[in-house]
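Listed below are the residues making up each chain.
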Amino acid sequence: MIRRFRLPLTGSGGNVELSGGEILVQFLKDEGVEFVFGYPGGAVLHIYDALYGQDEIKHILVRHEQAATHAADGYARATGKTGVVLVTSGPGATNAVTGIATAYMDSIPMVVITGQVPLPVIGSDAFQEVDSVGITRPCVKHNFLVKDVRDLAETLKKAFYVASTGRPGPVVVDIPKDITDPKVRIPYTYPKTVAMRSYNPVVKGHPVQIKRAIDLLLGARRPMIYSGGGVVLSGAAEELTALTRRLGAPITNTLMGLGAYPGTDSQFLGMLGMHGTYEANMAMHECDVLLAVGARFDDRVTGKLEQFCPTAKIIHIDIDPASISKTVKVDVPIVGDVKTVLQDMLKILEKEDARLDEVALKKWWEQIEQWRATDCLAYDRDSELIKPQFVIEKLYEVTRGDLYLTSDVGQHQMFAAQFFKFDQPRRWINSGGLGTMGFGLPAAMGVQLAYPDQKVACVTGEASIQMCIQELSTAMQYHLPIKIVNLNNRYMGMVRQWQEFFYEKRYSMSYMDALPDFVKLAEAYGHVGMRIEKPADVEGALREAFELKDRLVFLDFITDQTENVYPMIEAGKGHHEMHLSNRELA
Amino acid sequence: MRHIISILMENESGALSRVAGLFSARGYNIESLTVAPTEDPSLSRMTIVTTGSEEIIEQITKQLNKLIDVVKLIDLSEGEHIERELMMIKLKAVGPDRDEIKRLADIFRGRIIDVTASTYTVELTGPGDKLNAFIKAVDGGSIMEVVRTGVSGIARGERSLGL
């Protein structure tokens, strides 16, 4: 435990005397923070005053606090660094909650600093007072209320440490206004290290469990690898790729794990789950040994639990012990950092020069190739209407895959996950767990700020984009040349699809009437807008957009209203019960 | 199955609500919860009585361990342990009942800690079922008030929950 020693409020002995607001800003500099995404307000005015006139920390002024959290989230997902948010008390904090919950569900490192009313009035229903610690408690990894300016630096250090280590996640630091009072000055030194007796994430996997896992894998006749966002978070794409190639086994990625294994590689079977490929889901159903890496057996992945991998022994590597055997009982659990564990596994395989049974593996691949021949992602390429899949395919072609692609939530998200091939991790940025509409555009801002010279696009729909459309203004202010690929089918596509399938086509409230003219809207914000109505114009429009290197371009693709996402496993069904198209059961 | 989970946690404001919030958010049962600081004022000791299948209890302990404020925990029910609960019970005591209640309190090794002309307040400690038995033994009509602390537990022998 850190024994905190109390410094006198007006003493000397430290290096410099700073106010709470200045401590916060200096701490962020010392911590190496590049960007703070935020929005000012009464409770954080002292902090904003401390930010004034310095340019080491770049403050990005969003138009809504939700966007601040998504932008910090996008930045974190693309870079692996901790995203930082600064918002005021009350509505500032509550607006940030959606973004905090989004980051929590996908384990994204983020520190959210919320202003609070002054300590003496906490609990008195003061103006813009809300119990931020209470409201965010269920959707943060941890949160703090700072009650003494002498605790501020240490608390911030703990927040960054907790957010970025173990299974990452958002941490809220609630700072009452009087803590940042410019008149109260205390000595400040940057706390270089932190130790918490109650928080010690396990990194190294247990050698006995690792050996058991390898023995099980080597005995497999129909092996399968299923990997998730944990591989991306751990920076273990290289190790995962090496292990997969060494074993010669097929691999599938979850929505969060795309890019952790090259999407163009022949061992890659595509995404699995509700809208996964036929070959990935069938291989899951038929495999005899499943290696789950940094994945959490989400219900959109597993389908009906009783029918999940019915013939498989399961190995599960995860840094979070609570993820293991939460929904699916596993045979060999390994708690540890995915990268470290995979490295250990590779070392043993190299040393023993062990291989899988070649004959069995060949037979297994023959079976998989038969499933693959189904061409489950086929769609009508001769359509006179723009098919959303076609737009994604062209986006891939035009960019040659060299793109950071963020997404909103719905059909367009699934089409992007299915049709864009991600060869590298951290390139596919979307809200998987919480499924937050409105995520895509602000997330793309965070990515573009991190990588100003890279191509960044946001695939979205006319419903999702309107949930954070005001950020077109932020993108203008900071000259972020994002390409918005709007798959506009005038419906909340995924809602419409479910209503078609399960509610006898009663399209209750899923039609988007009175849509704005997105071209004019983009122009009103000072950007470039394009409307594309014919398949023949898709490629040209995309090329033109990407040639406008310093402009945000809003591409409004008017797509087929009735297109559905296939394959589809209905909620509560097994992996082998897929609809491939037009509701035909595979 | 009934389990007694004993937790050593940082004595920070909000720590209790993190635990209580976890139980409600994940739909776990909570039968009783007691908490107080230990000999080290920076640490609190909490005892939670909960019920659930083995899988649920495993998840509960894992999720509790994930809370940043939780330093250590054990499931006391996995080994030999002692559990105690304190009850204060206020009873109407007039006429022949006065002697009867006194006798009953003696049998249960309870103590009468407050007396008026018409009432007795009895203090009783023991495992939960002993307290239940006492409540059953007294005439239901005479009970005015029951205050129970919830269960505190400790492992038998050398096993202990410390830093």
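This report concerns the structure included in the present document. (Residues numbered from 1 in each chain as written. Chains lettered and ligands numbered in written order. Predicted model: local features only at pLDDT ≥ 70, side-chain atom pairs only at ≥ 80, totals over all residues. Heavy atoms only, no water.)

1. What about the overall build of chain B?
Check the secondary structure of chain B and you find four helices and nine strands. Going residue by residue from the N terminus, the α and β elements of chain B occur as β-α-β-β-α-β-β-α-β-β-α-β-β. When the backbone C-alpha atoms are referred to their principal axes, chain B occupies close to 55 × 35 × 30 Å. For chain B, buried positions account for 43% of its 163 residues. Of the contacts made within chain B by residues no fewer than 6 positions apart, 73% connect residues no fewer than 24 positions apart. (Helix = DSSP H or I, 4+ residues; strand = E, 2+ residues; numbered from the N terminus. Buried < 20%, exposed > 50% of the residue type's maximum accessible area, 1.4 Å probe, protein only. Contact = heavy atoms within 4.5 Å.)

2. Some remarks on the overall build of chain A
For chain A, the count of helices and strands is 20 helices and 22 strands. In terms of overall dimensions, chain A is globule-like: its C-alpha atoms have a radius of gyration of 25 Å, near the 25 Å expected for 586 residues. Seen through its principal axes, chain A has C-alpha atoms that stretch 75 × 60 × 40 Å. Relative to its full complement of 586 residues, chain A shows a buried share of 61%. Residue pairs in contact within chain A that sit at least 24 positions apart in sequence constitute 76% of those at least 6 positions apart. For chain A, the separation between the mean place of its 61 positive charges and that of its 71 negative charges on side chains is 5 Å. (Rg over C-alpha atoms; globule rule 2.2 N^0.38 Å. Lys, Arg positive; Asp, Glu negative; His and termini not counted. Charge placed at Lys NZ, Arg CZ, Asp CG, Glu CD.)

3. Some points on the interface of chain B and chain A
Contact residues are listed per partner, giving 20 residues for chain B and 21 residues for chain A. Inspection of the region where chain B meets chain A yields four salt bridges. At the junction of chain B and chain A, the tally comes to 10 residue pairs in polar contact (both at pLDDT 80 or more). Going through the elements one at a time, helix H1 (15-25), helix H2 (54-66) and strand E4 (70-75) of chain B are the ones with two or more residues in the side of chain B that touches chain A. Broken down by element, the side of chain B that touches chain A gets its largest block of residues, five residues, from H2 of chain B. Residues of the side of chain B that touches chain A, tallied by class, amount to five nonpolar, six polar and nine charged. (Salt bridge = Lys/Arg side-chain N within 4 Å of Asp/Glu carboxyl O. Polar contact = N/O pair within 3.5 Å; in protein donor to acceptor, adjacent residues only side chain to side chain. Nonpolar A, V, L, I, M, F, W, Y, C, P; charged D, E, K, R; others polar.)

4. Some thoughts on unusual backbone geometry
All names here are of chain A. The linkage connecting Tyr566 with the following residue, Pro567, adopts the cis geometry, with an omega of -5°. Position of Pro567 among the secondary structure elements: in the loop between strand E20 (553-558) and strand E21 (568-569). A positive phi angle is found at Phe297, which is not glycine, with a value near 55°. Inspection of the secondary structure assignment puts Phe297 in the loop between strand E12 (289-293) and helix H11 (299-302). At Asp353, a position not held by glycine, the phi torsion is positive, near 45°.

5. Describing the sheet that holds strand E13 (residues 313-318) of chain A
By definition, the strands of a sheet pair up through backbone hydrogen bonds, in either a parallel or an antiparallel sense. All names here are of chain A. Strands sit in the order E11-E10-E9-E12-E13-E14 across an open sheet of six strands; the sheet is parallel. At either margin of the open sheet sits one strand with a lone partner, and together these are strand E11 (268-271) and strand E14 (332-335). Within the sheet, the average angular offset between the axes of one strand and its neighbour, ignoring direction, is 15°. Across the face of the sheet, helix H9 (residues 237-247) comes into contact with strand E9 (223-227), strand E10 (251-253) and E12 while running at roughly 170° to E9. Here helix H12 (residues 338-352) sits on the sheet in contact with E12, E13 and E14, set at roughly 125° to E13. (Pairing = 2+ DSSP bridges. Axes fitted to C-alpha atoms, helices over the stretch in contact; angles between N-to-C directions.)

6. Focus on the environment of Leu18 of chain A
Residue and element names in this part refer to chain A. Looking at the secondary structure, you find Leu18 in strand E1 (residues 16-19). A residue is classified by how much of its surface remains accessible, and Leu18, at 14% relative accessible area, is buried. When the C-alpha positions of Leu18 and Thr189 are compared, they lie 9.9 Å apart, and in sequence the two are 171 residues distant. Setting aside chain neighbours within four positions, we find Leu18 in contact with Ile23, Gln26, Val184, Arg185, Ile186 and Tyr188.

7. As for the packing of helix H1 (residues 20-30) of chain A against helix H6 (residues 152-164) of chain A
If you want to describe how two helices pack, look at the angle between their axes and the distance between the axes. All names here are of chain A. Packing of H1 against H6 leaves a shortest axis separation of 10 Å and a crossing angle of 35°. Every pair of crossing elements has a handedness; the one defined by H1 and H6 is right-handed. Taken together, the residues of H6 that come into contact with H1 (itself represented by Gly20, Ile23, Leu24, Phe27 and Leu28) are Leu152, Ala153, Leu156, Lys157 and Phe160. The class makeup of the residues in the contact of H1 with H6 is eight nonpolar, one polar and one charged. (Left-handed = near helix turned anticlockwise from the far one by under 90°.)

8. What about the packing of aromatic side chains?
Ring pairs (aromatic) are described by centroid distance and by the angle formed between their planes. Residues and elements named next belong to chain A. All told, the structure shown has 23 aromatic pairs over all chains when counted by the stated rule. A ring pair is formed by Phe420 and Phe422, whose centres lie 4.8 Å apart and whose planes are at 35°; its orientation type is tilted. Taken as a pair, Phe420 and Phe422 share a single burial class, namely buried. Both rings, one in Phe422 and one in Trp428, keep their centres 5.3 Å apart while their planes meet at 35°; by these two values the pair is tilted. Owing to a relative accessible area of 6%, Trp428 belongs among the buried residues under this scheme. Taken together, Tyr396, Phe420, Phe422 and Trp428 form an aromatic cluster joined through their ring pairs. Here the guanidinium or amino end of Arg427 rests over the ring plane of Tyr404, the centre of that ring lying 4.2 Å away. Sitting over the face of the ring of Tyr491, Arg496 holds its NZ or CZ atom 5.7 Å from the ring centroid. (Phe/Tyr/Trp six-rings, centres within 6.5 Å; stacked < 30°, edge-to-face > 60°. Lys NZ or Arg CZ within 6 Å of the ring centre and 35° of its normal.)

9. Regarding the pairing of strand E18 (residues 483-488) of chain A
Residues and elements named next belong to chain A. In terms of burial, E18 is largely enclosed, as six of its six residues are buried. A two-sided burial pattern is seen for E18, the buried positions comprising Lys483, Val485 and Leu487 on one face and Ile484, Asn486 and Asn488 on the other. With five bridges joining them, strand E17 (residues 456-461) and E18 adopt parallel strand pairing. Pairing of Ala457 across the sheet is with Lys483, part of E18. Read from E17 through helix H17 (residues 471-477) to E18, the crossover connection turns out right-handed. Examined bridge by bridge, E18 and E20 share six bridges and lie parallel to one another. Paired with Ile484 across the two strands is Phe554, which belongs to E20. (Right-handed = clockwise from strand over helix to strand, strands pointing away.)

10. Let's talk about the pairing of strand E1 (residues 2-10) of chain B
Residues and elements named next belong to chain B. Counting buried positions along E1 gives eight out of nine residues, so the element sits mostly inside the fold. Of the pairings in the sheet, the one linking E1 to strand E3 (residues 43-51) comprises nine bridges and is antiparallel in character. Residue Ile5 lies in a different strand from E3, and its bridge partner there is Ile48.

11. Points about the nonpolar core
Generally speaking, nonpolar side chains in soluble globular proteins are found buried as a group. All names here are of chain A. One finds Leu290, Met345, Leu405, Leu555 and Phe557 to be the most contacted residues of the largest nonpolar core, which totals 102 residues. Residue contributions to this core peak at six residues, all from H12. In this structure, Leu405 is in contact with Leu395, Ala416, Phe420, Phe422, Arg427, Trp428, Ile429, Ala457, Cys458 and Val459, ignoring residues within four places of it in sequence. Counting 47 residues, the second largest nonpolar core, distinct from the first, contains Leu449, Ala450, Cys458 and Leu552. (Core = buried A, V, L, I, M, F, W, Y, C linked by side-chain atoms within 4.5 Å.)

12. Some words on the pattern of salt bridges
Pairing is possible between side chains of opposite charge, provided their charged atoms come close. All names here are of chain A. With the rule as written, the count across this model stands at 49 salt bridges over all chains. Taking the shortest distance from any N to any O, the salt bridge between Lys204 and Asp344 comes out at 3.0 Å. Remark: Asp344 occurs in helix H12 and Lys204 occurs in the loop between strand E8 (185-188) and helix H7 (207-218); sequence separation between them is 140 residues. Under the relative-accessibility criterion, Asp344 is labelled buried at 12%. Glu563 is paired through a salt bridge with Lys387; the nearest N and O atoms lie 2.9 Å apart. On the criterion of sequence distance, the pair formed by Glu563 in the loop between E20 and E21 and Lys387 in the loop between helix H13 (358-372) and helix H14 (388-399) is long-range, its members being 176 residues apart. Lys387 matches Glu563 in its accessibility class, with the two residues each being buried. Connected through salt bridges with shared partners, the residues Arg246, Glu350, Asp353 and Arg355 form a single ionic network.

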